[in-house]
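The lines below spell out each chain.
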Amino acid sequence: MVGKTIATTSRPIIIAHRGASGWRPEHTLAGYELAIDLGADFIEPDLVSTQDGVLIARHENEISGTTDVADRPEFANRKTAKIIDGETVTGWFAEDFTISEIKTLRAKERLPFRSQSFNGLFSVPTLPEIIDLAKRKSGETGRTIGIYPETKHPTYFDSIGLSLEEPLIEILHNNGYNKADDPVFIQSFETTNLQQLDRLTDLPLIQLLSNTGKPYDLAVAGDPRTYQDLISPAELAKIAAYADGIGPDKRAIVPVDEHGRLLSPTSLIIDAHAVGLLVHPYTFRNEAQFLAPDYHNNPEAEYEQFFHLGVDGLFTDFTDTAVRVLQRIRGRG
Ligand code: G3P
Ligand code: CA
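Residues numbered from 1 in each chain as written. Chains lettered and ligands numbered in written order. Predicted model: local features only at pLDDT ≥ 70, side-chain atom pairs only at ≥ 80, totals over all residues. Heavy atoms only, no water.

Turning next to helix H11 (residues 299-309). Along H11, the residues classified as buried are Pro 299, Glu 300, Glu 302, Tyr 303, Glu 304, Phe 306 and Phe 307. Residues of H11 that are buried in the fold lie against strand E1 (13-17), strand E13 (313-316) and helix H12 (319-332). Where H11 begins, one side-chain oxygen reaches toward the backbone nitrogen of Glu 300, 3.0 Å away; that side chain belongs to Asn 298. Gly 310, located one to two residues past H11, shows a positive phi value of around 100°. (Buried < 20%, exposed > 50% of the residue type's maximum accessible area, 1.4 Å probe, protein only. Helix = DSSP H or I, 4+ residues; strand = E, 2+ residues; numbered from the N terminus. Contact = heavy atoms within 4.5 Å. Polar contact = N/O pair within 3.5 Å; in protein donor to acceptor, adjacent residues only side chain to side chain.)

This brings us to the UniProt feature "domain: GP-PDE" (unreviewed entry) in the chain. Listed under "domain: GP-PDE" (unreviewed entry) in the UniProt record, and renumbered for this structure, are residues 12-326. The span residues 12-326 carries 30% helix and 15% strand; its end-to-end C-alpha distance comes to 8 Å. (UniProt positions renumbered as here; feature names shortened; annotations may be inferred.)

This part is about the coordination of the calcium ion (ligand 2). Expected angles at a metal are 109.5 degrees for tetrahedral coordination by four donors and either 90 or 180 degrees for octahedral coordination by six donors. Of the protein atoms, only Glu 44 (OE), Asp 46 (OD) and Glu 150 (OE) coordinate the calcium ion (ligand 2), at distances of 2.1 to 2.3 Å. Donor residues for the calcium ion (ligand 2), ordered by position in the chain, follow E-x1-D-x103-E. On the criterion of sequence distance, the pair formed by Asp 46 in strand E3 (residues 46-49) and Glu 150 in strand E8 (residues 150-151) is long-range, its members being 104 residues apart. Its relative accessible area of 3% is what places Glu 150 among the buried residues. (Donors = N, O, S within 2.8 Å, 3.2 Å for Na, K, Ca; no water.)

Residues in close proximity to ligand 1 total 13 residues, the closest being His 17, Arg 18, His 59, Lys 152 and Gln 187. Arg 18 is positioned with one of its side-chain polar atoms (N or O) 2.7 Å from an oxygen atom of ligand 1. Contact distances for ligand 1 include 2.7 Å between an oxygen atom and a side-chain N or O atom of His 59. Its free accessible area being 290 Å², ligand 1 has 92% of it covered by the protein chains. (Near = heavy atom within 4 Å. Areas by Shrake-Rupley, 256 points an atom, 1.4 Å probe, with all protein chains shown as cover.)

Below, the discussion takes up the sheet that holds E13. Taken in spatial order, the 4 strands line up as E7-E2-E1-E13 in an open sheet, and their pairing is parallel. Of all the strands in the sheet, the pair left with one neighbour each is strand E7 (146-147) and E13. Here strand E2 (residues 42-44) pairs with E7 via 2 bridges, running parallel. Within E7, the position partnered with Ile 43 by the bridge is Ile 147. Strands in contact with H12 are E1 and E13; relative to E1, the strand with the most contacts, it is inclined by about 170°. (Pairing = 2+ DSSP bridges. Axes fitted to C-alpha atoms, helices over the stretch in contact; angles between N-to-C directions.)

Our next topic: the pattern of salt bridges. Enumeration according to the criterion identifies 29 salt bridges in this entry. As a salt-bridge pair, Arg 225 and Asp 223 come within 2.8 Å of each other at their nearest N and O atoms. Taking relative accessible area as the criterion, Arg 225 reaches 26% and is therefore assigned partly exposed. Taking the relative accessible area as the measure of exposure, Asp 223 reaches 19% and is therefore buried. (Salt bridge = Lys/Arg side-chain N within 4 Å of Asp/Glu carboxyl O.)

Our focus in this paragraph is helix H5 (residues 165-174). Turning to H5, its buried residues number three or more, namely Glu 165, Leu 168, Ile 169, Ile 171 and Leu 172. One face of H5 carries all of its buried residues, which in axial projection span an arc of 165°. Exposed and oriented more than 90 degrees from the buried face of H5 are Glu 170 and Asn 174. Immediately downstream of H5, the backbone of Gly 176 shows phi near 90°, a positive value. (Arc of directions from axis to C-beta.)

What follows is the structure in structure tokens.
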């Protein structure tokens with residue numbers, strides 16, 4: 001919706017990427033709650049649909065990487081191969097399970113270098129459960145805890161009769177989130193569904209931008225534009241007609257060379273701000289393998305750089321580190 005005004009804060013927002021995913025298995029209520037306790041402003045559920053149309057928090061609709069489904073003999077015959085966004089994927093898929101079946105599964109840590117000690121403890125949450133948590137923690141902490149849901153594979157879910165957008169908006173609106181200044185951002189790597197969402201709600205929308213490839217909806221439509229094309233000032237102006245901000249890969253703001261050395265920042269933040277778009281880059285992580293060598297194994301140096309460049313928020317696996325740096329910068333006044 002052109003011209004809608006959204007709540008801006010006097011400081012960048014800290015978005016807990018998949019929860020406190022550096023410390024707990026991603027997309028669990030325990031992970032979201034820890035992120036809130038560590039100071040997150042928003043918690044980020046990626047959303048896919050179950051067979052019976054319930055929105056659950058998973059980054060992939062193939063769920064064996066983050067749950068124990070592969071160890072459940074009762075679900076062995078659900079293993080299958082599908083084409084998702086043009087790629088063949090083999091495994092177990094959320095859309096082949098009812099919510100009752102999903103609730104029997106237990107989450108596990110996806111990344112082998114992170115703690116495996118919480119595997120088997122937590123279930124897969126639904127969007128209403130995540131909203132309930134955000135509201136409860138807002139009351140307990142006296143802070144406003146926002147939610148930042150992402151529609152995953154929207155074209156694919158449309159194609160199997162499990163459209164994500166209508167139930168998402170129904171749940172948000174029924175929970176009192178319906179205004180441009182409510183503590184919600186809805187995000188997508190596709191473009192068409194954000195334009196649809198813009199017609200369905202006044203809630204703020206974020207156009208995610210990858211550093212490679214193109215939005216799958218554009219690929220299906222035969223539109224030649226890539227994500228790289230979408231960060232041009234002219235395309236950013238088009239995005240501003242339906243969205244309120246962009247979520248770029250952080251390397252679109254601070255690129256690296258072929259050796260991983262930092263290059264000069266691009267004009268993306270300035271260009272986006274020039275057309276009224278917020279900028280929320282992803283994903284900030286503490287581990288050395290995710291840090292450019294120029295940060296000398298100090299993840300705080302990366303946050304410092306991006307906060308000084310003027311981001312309006314960022315997605316982090318380690319809310320505690322981001323909050324510490326932000327508090328230090330604000331303390332300098
Ligand atoms: O949604 C933005 C951020 O989460 C990065 O994307 O792939 O982790 O969902 P992804
Ligand atoms: Ca996401």
